[in-house]
Protein chains: 2
Amino acid sequence: MSVALDHREEAFTLRQQQVLSAALELLVEGSDALTMTAVARRASCSKETLYKWFGDRDGLLTATVQWQAAKVRVPHVDRHRLDAQTLRSSVEAFARDLLGTLVGEMSVTLNRLAVADAGMQKRGLGRIVLENGRLEMGRRLKPVLDAGRHARLLDFADSETAFQVFFGLVVRDTQIRLLLGDEMHLGAAEIDRDAIAATQQFFALYGREEKSR
Amino acid sequence: MSVALDHREEAFTLRQQQVLSAALELLVEGSDALTMTAVARRASCSKETLYKWFGDRDGLLTATVQWQAAKVRVPHVDRHRLDAQTLRSSVEAFARDLLGTLVGEMSVTLNRLAVADAGMQKRGLGRIVLENGRLEMGRRLKPVLDAGRHARLLDFADSETAFQVFFGLVVRDTQIRLLLGDEMHLGAAEIDRDAIAATQQFFALYGREEKSR
DNA sequence: CTTGCACCGTACCGAACGTTACGGTACACC
DNA sequence: GGTGTACCGTAACGTTCGGTACGGTGCAAG
């Protein structure tokens, strides 16, 4: 039942990555635009090569999603110097990166594809995107939250629940609306504003010695 | 560019609704299981009839989604007797219904379908689901929030933003995880707990005279 | 009884697309 | 020069599926 999530290093040739990049382009243009013929033409390679490298269409799709999903820039936060100010700005930066990623064209495309795939018998892509997206985000921020709690700056019972609330405050209904095709044109300014507001609210709920900021 | 959203009354024969119900069954079993032949066989009708009634596959899909999406039970809340207690329980009930709907098999199926559709050139289904789901929810709760503000029980600048935060607190990452195929098995108990927690947090952020409850 | 209508069941058509096969080319290695 | 390898481009095959056509049935109206 466990999905293969290895392939840490660049297991792909430069040429192969060009193919994956072409596939990704097609995917962004419309998930139904990715036909083997179209990929071959776009990447200037033969279909025979495609099948030799990736097995079948599903293999190409999986490789593409895995390749792209793995390079999602999950923000790093260091737990040194954990005073109230650095904790807050760390969380705020995390919120900004999270929201900025989710509203990106690539995230929307990949999540659309994975959601659609989860609605079929095949499954697989959903797991990959979930693992490299939402779950990885949790794994990254939770240590920070725990450190914050240990430093008596935050107060919560379960870090998983705390992260879920944080996620909800940051993302709100933005992701689902984007996935459903709503045009929201979120600029850097709005993302910044929302990240700050979400952080503010998160600390209002879980902060220990709130001093209005 | 505006999508047809009329068809208020039951524009469908009983027999036609049986067909739509069959289509819905197929959809739940897997979005790729809905072929015209399968629908015809499941509903014990001829493909010719299908095309006469719904035009083409897209028409059948649209009719199915519209028919089902329109019957999403959006909770009603009355704005009479607006003391702190009734406001709170109204919001809480709304949260419970919202979460209960979103985790349902039908909501997941429809949203998966609409998200997948939004990733293609066609578009259309995303608009319908968005309009009957998230946006309708907002239209229903916002008057209550406004009434709460007018009664000086709530304090916020923009009811739209307030609803978005409420949505985020209630839904968190639940919907996207379900859409991506994560098995979460949320029971009535968990839904109840989360709805209460979300309401608690919403009032902590926007309530005017919070008294711990 | 006849006619017309709405519908069922099924066979059929054409297009799209995944997949395979084959001929041709560039290049490294001997 | 000869040979093998990796690749490109394209033709071809098989299946699936949307869409159409046609014969057959039950039934209500006249």
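Here is a short report on the structure shown in this document. (Residues numbered from 1 in each chain as written. Chains lettered and ligands numbered in written order. Predicted model: local features only at pLDDT ≥ 70, side-chain atom pairs only at ≥ 80, totals over all residues. Heavy atoms only, no water.)

Structural notes on the overall build of chain A
- In terms of regular secondary structure, chain A is built from 11 helices and zero strands.
- In chain A, the succession of α and β elements from N to C terminus is α-α-α-α-α-α-α-α-α-α-α.
- Seen along its three principal axes, the alpha-carbon backbone of chain A occupies a region of about 65 × 35 × 30 Å.
- Counting across all 213 residues of chain A, residues that qualify as buried make up 52%.
- Here the analysis covers contacts within chain A between residues at least 6 apart in sequence; of these, 71% occur between residues at least 24 apart.
- Of the roughly 10300 Å² that chain A leaves accessible, carbon and sulfur atoms contribute 50%.
- One finds the centroid of the 29 positive side-chain charges in chain A at a distance of 2 Å from the centroid of its 29 negative side-chain charges. (Helix = DSSP H or I, 4+ residues; strand = E, 2+ residues; numbered from the N terminus. Buried < 20%, exposed > 50% of the residue type's maximum accessible area, 1.4 Å probe, protein only. Contact = heavy atoms within 4.5 Å. Areas by Shrake-Rupley, 256 points an atom, 1.4 Å probe, with all protein chains shown as cover. Lys, Arg positive; Asp, Glu negative; His and termini not counted. Charge placed at Lys NZ, Arg CZ, Asp CG, Glu CD.)

Topic: the relation of the copies chain B and chain A
- Each copy of the sequence occupies a distinct position, and chain B is placed on chain A by a rotation of 180° and an axial shift of 0.0 Å, giving an RMSD of 0.1 Å. The relationship between the two copies is best expressed as a two-fold rotation axis. When C-alpha positions in chain B are compared against the rotation axis, the closest is assigned to B:Gly168, at 2.1 Å.
- Both copies share a contact surface, since 100% of the interface residues of chain B are interface residues in chain A too. (Least-squares fit on C-alpha atoms with pLDDT ≥ 70 in both.)

Quick notes on the protein's contact with DNA strand C
- Taken together, 15 residues form the shell around DNA strand C, and within it A:Lys47, A:Glu48, A:Tyr51, A:Arg57 and B:Arg15 come nearest.
- Among atoms of DNA strand C positioned within 4 Å of the protein, sugar and phosphate together represent 61%.
- A:Met36 has a polar backbone atom sitting 3.0 Å from a phosphate oxygen of DNA strand C.
- Those elements that provide at least two residues to the surface near DNA strand C are helix H3 (47–54) of chain A together with helix H3 (47–54) of chain B.
- Classifying every residue of the surface near DNA strand C by side-chain character gives five nonpolar, four polar and six charged. (Near = heavy atom within 4 Å. Polar contact = N/O pair within 3.5 Å; in protein donor to acceptor, adjacent residues only side chain to side chain. Nonpolar A, V, L, I, M, F, W, Y, C, P; charged D, E, K, R; others polar.)

Points about the nonpolar core
- In this structure, A:Phe166, A:Leu169, B:Phe166 and B:Leu169 are the most contacted members of the largest nonpolar core, which totals 139 residues.
- When near neighbours in sequence (up to four residues on either side) are disregarded, B:Phe166 contacts B:Val91, B:Phe94, B:Ala95, B:Leu98, B:Leu141 and B:Phe202. (Core = buried A, V, L, I, M, F, W, Y, C linked by side-chain atoms within 4.5 Å.)

Considerations on the interface of chain B and chain A
- The interface of chain B with chain A comprises 40 residues on the first partner and 40 residues on the second.
- The largest share of the area that chain B buries against chain A comes from B:Val115, B:Arg172 and B:Leu180, three residues that together contribute 19% of it.
- Applying the counting criterion to the chain B and chain A interface returns four salt bridges.
- A salt bridge links A:Arg134 to B:Asp173, with the shortest nitrogen-to-oxygen separation between them at 2.4 Å.
- The interface formed by chain B and chain A contains six residue pairs in polar contact (both at pLDDT 80 or more).
- In terms of residue count, helix H9 (residues 159–171) of chain B provides more of the side of chain B that touches chain A than any other element does, seven residues in total.
- When grouped by side-chain class, the residues that make up the side of chain B that touches chain A number 16 nonpolar, 12 polar and 12 charged. (Buried area = accessible area lost by both parts, 1.4 Å probe. Salt bridge = Lys/Arg side-chain N within 4 Å of Asp/Glu carboxyl O.)

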